[in-house]
Structure formats: structure tokens, C-alpha cells
Amino acid sequence: MRVPIGWLAEYVDVPAGTTVEDLDAAFVRLGLEVEEVHRPAEVTGPLVVGRVLEIEELTGFKKPIRWCRVDVGEAEPRGIVCGARNFAVGDTVVVALPGAVLPGGFEIAARRTYDHVSDGMVCSVRELGIGEDHAGILVLGTGGEGPEPGADARAVVGLDDVVVELAVTPDRGYCLAMRGIAREMGTGLATGWRDPGAVPPPAWSGEPAWDVTVADAGRCDRFSMVAMEGLDPTAPSPWWMRRRLAQSGIRSISLAVDVTNYVMLELGQPMHAFDRGAVTGPIVVRRAREGERLTTLDGTVRTLDADDLLITDDTGPIGLAAVMGGASTEIGDGTTDVLLEAAHWEPTGVARTARRHRLPSEAARRFERGVDPEMTVVALARAAELLAEYGGARVVGAPVDVDTRAPRPAIGLDADRPGRVSGVPYPPAQVVELLGAVGCAVEVDGGALTVTPPSWRPDLTDPADLVEEVVRLAGYDDVPSVLPTAPPGRGLTETQRRRRTLGRALAEAGYVEAPAYPFLAPPVFDRLGLAEDDERRRVVLVRNPLSEEEPALRTTLLPGLLATLARNLARGQRDVAVFEHGAVFPGGAGTPAPVPGVDRRPDDETLAALLAAVPRQPWHVAVALSGAREPRGWWGTGRPAGWADAVQAARLVAGAAGVELFVRPGERAPWHPGRCAELVVHVDDADVVVGYAGELHPRVCAALDLPARTSVMELDADALPARPVPAGPPISAFPPVFLDLAFVVPDEITASHVESLVRGGANELFESVRLFDVYSGPPVPAGSRSLAYSLVLRAPDRTLTAADVAQVREGILTVVGMQGITLRSGD
């Protein structure tokens, strides 16, 4: 909301000596955020009001030129050369005399041009720095009307008027009008103010000039209309009105439209003007029907929804109620008869319609925040007065006023509640006084107050709202800043510690965390190659998503992580290793959630039903990497990232969680068959698959514009068993024995499986094992490979003998031999 201070001063007795900075501070104290202060352009030197006495058309030049005699309040009129043609003899204009400096450093001086001496300049709006209109001269009045010649033009055109731009919160819709701002500032400055809406409307006589029916009183509880005739369609809007509209950020269109906009800014009541000659039959306010269309004032043909509220006549819709009028009844250049409409609409319905049609408007902005229903007839009277004064229009018959409102309910309030909430003792008399300043009617019964909020404050519905008003008007600065004593805590939970540990382990390994939004577009599953019956396709859809293109909650971290990888590669990064850990949201059948009311706290049964309807949210960890895992340099050729790095990332995560991870071949989209590892942990003597790692399928890489052999890993961190109670490792003072064994292993048996067999064959003498060599080729038979392991054996109570080692060796060979694994010759 842009507030011209000169306009505000008409309603508020601003104390003498009050600066713009003082007003800024007052706005802030009242809870109104000041976004910007717009100061006028600087004009120095003589700038006066002039009246055109004579106009001589100069010929013989490439463009039309006029030489004007202008009365500027001096003994003799001044001769001024001007090319504009939108003014006539008798018009009042703004004249910059020699010595004036206009915005941009434009100095005015007497000079000879077009064979005449131009002793000054007749100014346009843009030349004065008060607008962008440069189509013609600024005309202050016609036919001898306007300020007297020679008067200082600065105050007339608003060059001394500062405009304060406020950010009005949704609960303070009444501050989107000068009436509401004046009330606030009168209270904030502790000075008198005048309510422009307190003027009683005239007693119009006669029958209502139009037949009006409101078919949906729940969405429109007051509808008022007045008819006028005899409007001069050529009558211009007065300059003071156009100036205030421009200062408020609204473009001047025509007198009828400008008047409705001006009254909206003044009283907060949006209005609409219909061309009375284009309205056929009675007016009906109703819901839209299936298939109805409306062409709005912006020229767009809109298909209406059954929830849209319309203003209609016998021809159909002529306006989208509270949002925008229809083109068929638009005020035109020849309109002489007008229907003025002002109504009170239900706010949430207006908000739905404006968002559904993506049609924000100044009217909708106010209606969806709530306007004063008492202002409909007052606004009609004010608009009729202005149209009569400046357009010659007259009211026909009595106004229509369909009013079905119910009285506002009273709110009970303990007089000491504001003090209990804020920590500041407010005497009951002060509480009553401040609520009265808000506009509330207050009945006092001892310490109990019965408060009836004013019609312009629909946001005051509960005792807490009244408490906030008392504290706000008394001053937030009075509320003490006391930090509460923090209760002793128990630190992070075990789950929180584990999640932080997992992220820290990956970051320390060189991965960069790249969190993504938890939303996805279901078509991404096709690019990932997921089967139609894959459980990851069962998603939870968000009813009101941030983006219509991504309406579903993610069931896997891979879409967001791979999109991040592709984005970094597209921006020139070659070696990328990223990770994310966060919740996923598996879909499937679930119980519907109840919708509790807002008038009381939900009971335990309702809360249990709400929690039961919330989908599972397991915590997943995923990595994606492409390019070089080890950079090349003088130390070597480097190494590209591969599937083994993805598997190692899984081992890092499991190790950080204190869990031993086992790997075996697996198959799952979007991984490449044969290059996919299944990640397994042992839980209660059972193998539990917690994730997968490996290379992406080539078709997936192509669909997502990723390099070939991009590797990813994803596992369910919540499926990892709890870390066992740590126990100190056994320490033996006896020396170890090192034993190296090389096996010929069929290709279908994994190295991790061989390792588990070696571990089991060594029994209690086993201390550790490490795979140190992998070889394939002659003399190893085709279909097999050589795996060499280094074992460390140690006994806790004695030095091992050759017989002990031989026994361990034979035990290992027996175990592996049962799987078709043989000892490589020479070992």
C-alpha cells in the first residue's frame, strides 16, 4: 500500500514538526512494515501555475508548433513555444520559468526558437518527474478553472509530497485504504483523525433503479448498487485525483473508472462500474454453471468453474465477482449511463477464484483479506458525488441494498489476560481504552469484558486477537526482553547422532552433500526404467504442490540426486561425487486422515488417527559419482570412478553406523544387470537387503543425459540394525602367524563369499583377512579367477605351532572345497 503523506494529512492532524522519519517510526511501532519511502524529484527555481491566454499556430516547420501567451501572475504574460496540442485557451498549466532546473539537470532559460522567444516551458508530467506520461502537457484545469496564475506549482502537482510504501500483512486488510491508515496513525500519533467513511449517505428517493437477486447469500451477504445517468463521457478526471492514483501506483483510465479506484483507495471498498446501456434485464449474483464462459476486461476468454461466483444479467455472466468485470459491460468512450456496484464477498471464495484463474487484482487483494461491509452504500454515495461534480452525472432512483448479514458475535476476555500473556501489567481501564481505539464496543462486568469487534476487523475472532491488539497499541517496546531459562536437555537422540555420523563419513570421504526438494514428477520413473509394478511407483500426491510438474513425494533419492549430478556436469564440472540423506515417502494403501476443526484441540483419538494416516518416512542415504575418483598427476595416471566406489560408499555408511555390510550380486532398476551389488546386513540370523550399488543401466544414462558408467548407491539407513554395545577388542601378547592362500574361484562366486568361508574355516584362531590379489588368465581355467588372501592368525593363550597353522589351513580348504573352490597350484 502506497500512502501519500499529503493525502493522509487530510484525515490526520499530524503534529507540527513531525518529519518523514517520525512517521516511518510510527508505522513500525504500529506493526506496519515500511518497505520504501518515495521522495519526489527535485525541482529548483521558479515553478508556477499559468493560464493560457492566446495560442498562435506556427506554420512552415516540419512539425506542428504553437506560440502561447501564458499568464504567470506577472504584469505581462509570457510567450512560450510549445509542441503539445492537448491544451486550449483558458486551460491551467504548469510553467517552469527561466532559472528553474527540472529533474535530470535540465535548466530552463529564455531562448529564441522557431522565430520566437520562448520565455519558459510548459511542462508535462514526465518533465516534472511525477510520472511517465509524456503524451501531452499537464493540464490542471480547463475553462479558467484551477489554481490562480502565479501560485507555486510544487504543492499543486505534489512535488512536496512524500509517499510511504507499506507491506500490509493479510490480517490487516483494512490498512489497504487511507481510512484504515488514518485510524492507525491517529492512534499511533495520539492525535485527532477524521473518518472519511463516517459521512452519512444522502436520502435518495424513489424506487430502486434496478432489480437485483442474490442467489448465494453465503458468498455475498451484502450487495449494493446505484444507477446514474447523464455522465459526460468526455469529462476528464481532475488532476488531483489522477495525481493521487499515480502516487498509489494506479493508472488513470477514465473518469468513471478513476472514481471507483479512488474510492477504493480512500474507503477500502472496491467497486465496479457497468455501462448501464449494456446491461440487459435484472442482476443476479450466482455460482457459475458448467460450460459457461466470460470475457474479462483484460480480453481473456475464461472457462468458469462451478465454484466461481458471478454477476449476471439476462445475457449471462457480466463479471467475475470481486475479481474483474466483463468486457461486454465495460465503460467505453461513449458511456453516459452507469451502474455502480459495491458488495461484500466471502474472502476465501474470492481467493480461490483469483488463484484458479491466475487473475490478481486490486479488488481481489482487498476482498480476500476482508473489507468493511458497512461501506458499500457509503462508497456508492462518495462515487456518485464525484461523478456528479466532475462528470455531470445524476442518481436515478434509490440505491439497491440487499443485506443478509448476521450480527457479529461478541468475544469474552479477562481484563488481566493481556498482562498475563505479555508480562506487562495493563490496568483494566487501559485495556478498555485501547480496545476502544481499535473500534471495539466493550462492556465491562468486573474483571470480565465482553468485546464486539468493529465491522472493519474480520480478523478479530478470538481472545488472543484482542490481546495482540492491546499489546500492539500499547507498544511492543514495552514488552520486556527476557530469555527463558533453557531446561536441561539430554542431547541428540541415537537416531540423530547416527544420521549426522553417516553424513559426516561421506563428507570426509570426498562426497559433497547436495540436498534436493522431496518432490518428483512420476514420469521420471520411466526414465529410470522402473517396471510398472515397482513399489517405488506408488507415490503420495500432494494436494497443493509447489509445482504442478512435481506433485508427488519422492520414494527414492535417485531422481533428485541424478538431476543434481547432471546439472553440475552440464556446467562444466568433470569429476563429481555427491550424496544426499533424507526421508523418502513410500505410497500405497493408507487410512484417510480426519479433518479436525479449528475451534478446539483435537482429542487423543483424532490425533492417533492423524498419525496413523501419515505415510512411512524411512531415512535413505544415496551417492552418485562420475568422472575421476582419483585425479591424475605426476604421481600417476589417476583412476576413474566405478561401481566399486559406489559399493565402498555403502561400506563407509555401514561402518559409520557400526554395522558390518555384506555384498552379493543383485538385479534392480535402474542399475545395470551384472554390475549391481545387493547390500545385505545380518539381523537375527537372517539376511536383510538394505540397498543396492553399482553402475546405472546405459539406457538410464542416455535418458538422463549422464555419462556412461555413472555409478550410484542407495540404502535404507533405518533398516541398519542398532549399533551393538561396543566391547574392547581382545589383546594377545603372543605373536601372530601370517598365512597367504590363493584360490581358483568360479566367476559366479563373489569375493565376499569366499572371505566369509575363510573366516569360518579359521574358527577361533582367526584375527583378520584381506584380499590382496585378483588374477584371471592362464594358467587359471576359463570361467574362474584367482583370489589371493592374507590371513592373520593368533591365539590368546599361547604361541601357535606349525601343527596349529596346518590344522587351520586344512579346515579352510575343507570349507571352500565344498563350494567347488580349489587351492591354486604352488600354494
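Presented here is an overview of the structure given in this document. (Residues numbered from 1 in each chain as written. Predicted model: local features only at pLDDT ≥ 70, side-chain atom pairs only at ≥ 80, totals over all residues. Heavy atoms only, no water.)

### Some details on the packing of aromatic side chains
- Considering all chains together, one arrives at eight aromatic pairs under this definition.
- With a centroid separation of 4.9 Å and 90° between ring planes, the pair formed by phenylalanine 61 and tyrosine 114 is classed as edge-to-face. Residue phenylalanine 61 is found in the loop between strand S3 (47-58) and strand S4 (65-71), and its partner tyrosine 114 is found in the loop between strand S9 (111-113) and strand S10 (116-118); the two are separated by 53 residues along the sequence.
- Overall, tyrosine 114 belongs to the partly exposed group, its relative accessible area being 28%.
- Counting every residue linked through ring pairs, the aromatic cluster contains Trp7, Trp240, Tyr262 and Tyr390.
- The residue whose ring lies beneath arginine 183 is tryptophan 456, and the NZ or CZ to ring-centre distance is 3.8 Å.
- Directly above the ring of tyrosine 511 sits arginine 629, whose terminal nitrogen or CZ lies 4.6 Å from the centroid. (Phe/Tyr/Trp six-rings, centres within 6.5 Å; stacked < 30°, edge-to-face > 60°. Helix = DSSP H or I, 4+ residues; strand = E, 2+ residues; numbered from the N terminus. Buried < 20%, exposed > 50% of the residue type's maximum accessible area, 1.4 Å probe, protein only. Lys NZ or Arg CZ within 6 Å of the ring centre and 35° of its normal.)

### Observations concerning the side chain of aspartate 534
- Relative to the helices and strands, aspartate 534 is located in the loop between helix H15 (524-527) and strand S30 (552-553).
- Aspartate 534 gets classed as buried once you look at its relative accessible area, which sits at 11%.
- Of note is the side chain of aspartate 534, whose polar atom sits 2.8 Å from the backbone nitrogen of arginine 536. (Polar contact = N/O pair within 3.5 Å; in protein donor to acceptor, adjacent residues only side chain to side chain.)

### A look at the sheet that holds strand S21 (residues 316-320)
- One open sheet holds the five strands; their spatial order is S14-S17-S20-S21-S22, and the pairing between them is mixed. Two strands lie at the open edges of the sheet, namely strand S14 (212-214) and strand S22 (324-325), each paired on one side alone.
- Sheet topology note: the strand S17 (residues 283-287)/strand S20 (residues 309-313) ladder contains four bridges and is antiparallel. Within S20, the residue paired with valine 285 across the bridge is isoleucine 311. (Pairing = 2+ DSSP bridges.)

### Observations concerning the packing of helix H6 (residues 239-247) against helix H7 (residues 255-267)
- Orientation of H6 relative to H7, taken along the N-to-C sense of each, is 60°, at an axis distance of 10 Å. Between H6 and H7, the angle is such that the two are oblique. When you trace H6 past H7, the crossing you get is left-handed. Where H6 approaches H7, its residues Trp240, Met241, Arg242, Arg244 and Leu245 are matched on the opposing element by Asp258, Val259, Asn261, Tyr262 and Leu265.
- For the contact of H6 with H7, the class distribution of residues is six nonpolar, one polar and three charged. (Axes fitted to C-alpha atoms, helices over the stretch in contact; angles between N-to-C directions. Parallel < 35°, antiparallel > 145°, perpendicular 65-115°, else oblique. Left-handed = near helix turned anticlockwise from the far one by under 90°. Contact = heavy atoms within 4.5 Å. Nonpolar A, V, L, I, M, F, W, Y, C, P; charged D, E, K, R; others polar.)

### Some thoughts on unusual backbone geometry
- A cis amide bond links alanine 669 with the next residue in sequence, proline 670, at an omega value of 10°.
- Structurally, proline 670 can be placed in the loop between strand S35 (662-665) and strand S36 (671-683).
- Cis rather than trans, the peptide bond between proline 778 and proline 779 has omega equal to 5°.
- Relative to the elements of secondary structure, proline 779 occurs in the loop between strand S40 (766-775) and strand S41 (784-793).
- A positive phi angle, close to 50°, is found at tyrosine 114, a residue other than glycine.
- With a phi angle near 70°, alanine 322 is a residue other than glycine that sits in the positive phi range.
- Position of alanine 322 among the secondary structure elements: in the loop between S21 and S22.

### With respect to empty space enclosed by the protein
- Considering all chains together, one arrives at two cavities of 30 Å³ or more under this definition.
- A volume near 120 Å³ is recorded for the largest cavity.
- Taken together, 14 residues line the largest cavity, and the ones lying closest to its centre are Gly173, Tyr174, Leu267, Gly268 and Asp372.
- By residue number, the principal contributor to the lining of the largest cavity is helix H5 (residues 178-188), which donates three residues.
- When the residues that make up the lining of the largest cavity are grouped by side-chain class, the tally is six nonpolar, four polar and four charged. (1 Å grid on protein atoms, 1.4 Å probe; cavity = no way out; pocket = protein on both sides within 12 Å on 5 of 7 lines; lining within 4 Å. Points joined across faces, edges and corners; volume = space filled by probe spheres on them.)

### As for the packing of helix H14 (residues 494-508) against helix H18 (residues 643-656)
- Between H14 and H18, the shortest axis-to-axis distance is 9 Å and the interhelical angle comes to 140°. When the interaxial angle is binned, H14 and H18 end up oblique. Note on packing geometry: the crossing formed by H14 with H18 is right-handed. The residues of H18 that touch H14, namely those facing Thr501, Leu502, Ala505 and Leu506, are Ala649, Leu652, Val653 and Ala656.
- Of the residues that constitute the contact of H14 with H18, the class distribution is seven nonpolar, one polar and no charged.

### Focus: helix H20 (residues 751-762)
- Given a rise of 1.5 Å per residue, 12 residues ought to cover 16 Å, and the 17 Å separating the end C-alpha atoms of H20 matches this to within 8%.
- Burial in H20 covers these residues: Val754, Leu757, Val758, Gly761 and Ala762. Along the axis of H20, the buried residues cluster in a sector spanning 130°; they form a single face.
- Its buried side turned inward, H20 meets strand S39 (737-746), S40, S41 and helix H21 (802-817).
- Once H20 finishes, asparagine 763 follows within two positions and takes phi at roughly 55°, a positive value. (Expected span 1.5 Å × (residues − 1). Arc of directions from axis to C-beta.)

### Observations concerning the sheet that holds strand S27 (residues 448-452)
- Ordered in space as S25-S27-S26, the three strands form an open sheet in which the pairing is antiparallel. Of all strands in the sheet, those with a lone pairing partner are strand S25 (411-414) and strand S26 (441-445), marking the two edges. Between one strand axis and the next, the sheet turns through 25° on average, direction left out of account.
- With four bridges joining them, S25 and S27 adopt antiparallel strand pairing. Bridge pairing in S27 links isoleucine 411 to valine 451.
- Strands S25, S26 and S27 of the sheet are contacted by helix H12 (residues 428-438), whose axis makes an angle of about 5° with S27.
- Across the sheet, helix H13 (residues 463-474) lies against S25 and S27, angled at about 55° from S25, the strand it touches most.

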